[in-house]
Amino acid sequence: MYKQELVIIVQSIITSNTVDEHIKCARNLSEFYEKIATINHFENNEIHVKGGIALSSSGAADCVDDYLRTVYFIKGVYKALIKLCTDFPERSINILYAGCGPYATLILPLLPLFNKDRIKAILLDINTSSIESVQQILAVVGLNDYSIQLVETDAITYTKPQGFTIDLAISETMHYALTREPQVAITQNIVSQLPSHGILIPEEIRIDLAYTFFDYEPSLKNVNDKVKGRDELQPYPHSVFVDRLFTINKELFGTESQFLNFKSDFYKLPDDFSNHPDVCIFTEIRIFEDIELKTAESYITNPYCVASIYSLTEYSEIQFLYDFSDMPKWSYNVKSALN
């Protein structure tokens, strides 16, 4: 009964086209999980790992209510799986899902759409209650005949089993501007174990710098806000794009060098900043191929204010530093025209 209900919900997600349709089917999925999940989600089991904060099981469960994020990621994972099944018709597809949370939202709903012999998945989470929750949901929905291995571990240091070639790696452990959560550290570890044909989801996280008016930029504040798609959102018209600071993708971590921090060039601060007094980081995510999350369509793509230019009037240039070696964070250096 539950399996058929889940199939109907996930098929509606895959075929949804409008923002209203996205919201409706994501809500249906959220309500489905609430109905069948019996393992308690705790708010006090956040874990500080070397690379960020692993969300509590309660916080991870709440992510399903970030509606456009949920829908676009599920659409992206589905599209990637279809491609892999076409590319490799004679064998199963190996999936590594790092930071699956208590619902395994980005893969579990899709399982009934694929023959059980076509999917082999390893699901990682650092919270015991999240692993127990996924185990319980798989049993209740009737998906125990799928080859799913649940591993309680730190995804930043996890090493895949020998002989398990990762075809699809998924990790959505992200906060806005890549702060707080360990997305980058996990991605770095996973990519080091990904073969050349392997697909990483999200495929690309783009980090841009702009001078703008932070309070006037669109932002998704909470689940009760009216969720708006990119066609409805009104970016602040006087924002000044400065540069793309970096892009997180397979290629960035495909080299031997350890990317533990980023240091930008120095950028000139504007002399007249009355229309754009804030220094901000913007995030956009290409989940897979043409499926993208744009600014403020999700909590994880909200803009982030690094500094007010009003506090930097003694300086002429600014440089940005991003460090994820412990707690992912942004900082900056400034210099005056006399330097």
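For the structure, see preceding data.
Residues numbered from 1 in each chain as written. Predicted model: local features only at pLDDT ≥ 70, side-chain atom pairs only at ≥ 80, totals over all residues. Heavy atoms only, no water.

**Some points on the overall build of the chain**
Looking only at helices and strands, one finds six helices and 15 strands in the chain. Since a compact globule built from 339 residues should have a radius of gyration of about 20 Å, the 21 Å found for the chain is in line with a globular shape. Structurally, the chain occupies a C-alpha span of about 70 × 45 × 40 Å along its principal axes. In the chain, which comprises 339 residues, the share counted as buried stands at 55%. Counting contacts in the chain only where the partners sit at least 6 residues apart, residues at least 24 apart contribute 79% of the total. (Helix = DSSP H or I, 4+ residues; strand = E, 2+ residues; numbered from the N terminus. Rg over C-alpha atoms; globule rule 2.2 N^0.38 Å. Buried < 20%, exposed > 50% of the residue type's maximum accessible area, 1.4 Å probe, protein only. Contact = heavy atoms within 4.5 Å.)

**Side note on the sheet that holds strand β15 (residues 329–335)**
With respect to topology, three strands assemble into an open sheet ordered β10-β14-β15, the strand pairing being antiparallel. Every interior strand has two partners, whereas the edge strands, β10 (261–268) and β15, have only one. Here the strands of the sheet are splayed against their neighbours by 20° on average, with no regard to which way each runs. (Pairing = 2+ DSSP bridges. Axes fitted to C-alpha atoms, helices over the stretch in contact; angles between N-to-C directions.)

**Details of helix α4 (residues 67–87)**
Structural remark: α-helix, 3.6 residues per turn; residues separated by three or four positions point the same way. Between its first and last C-alpha, α4 extends 30 Å over 21 residues, near the 30 Å set by a 1.5 Å rise per residue. With 15 of 21 residues buried, α4 is to be regarded as a mostly interior element. (Expected span 1.5 Å × (residues − 1).)

**Examining the sheet that holds strand β5 (residues 147–152)**
Across the sheet, which stays open at both edges, the five strands sit in the order β5-β4-β3-β6-β7 with parallel pairing between neighbours. Two strands bound the open sheet, and with one partner strand each, they are β5 and β7 (199–201). With strand direction ignored, the average angle separating the axes of adjacent strands in the sheet is 15°. The pairing of strand β6 (residues 168–170) with β7 spans three bridges and is parallel. Opposite A169, over in β7, you have L200 as the bridge partner. Contacting β4 (119–125) and β5, helix α5 (residues 128–141) runs over the sheet at an angle of about 160° to β5.

**Side note on the packing of helix α1 (residues 2–15) against α4**
Describing two packed helices takes the angle between their axes plus the distance from one axis to the other. At a minimum axis separation of 9 Å, α1 and α4 run at an interaxial angle of 90°. Accordingly, the angle class assigned to the pair α1 and α4 is roughly perpendicular. Here V10, I13, I14 and T15 of α1 lie close against α4, whose contacting residues are V71, I74, K75 and Y78. Grouping the amino acids of the contact of α1 with α4 by side-chain chemistry returns six nonpolar, one polar and one charged. (Parallel < 35°, antiparallel > 145°, perpendicular 65-115°, else oblique. Nonpolar A, V, L, I, M, F, W, Y, C, P; charged D, E, K, R; others polar.)

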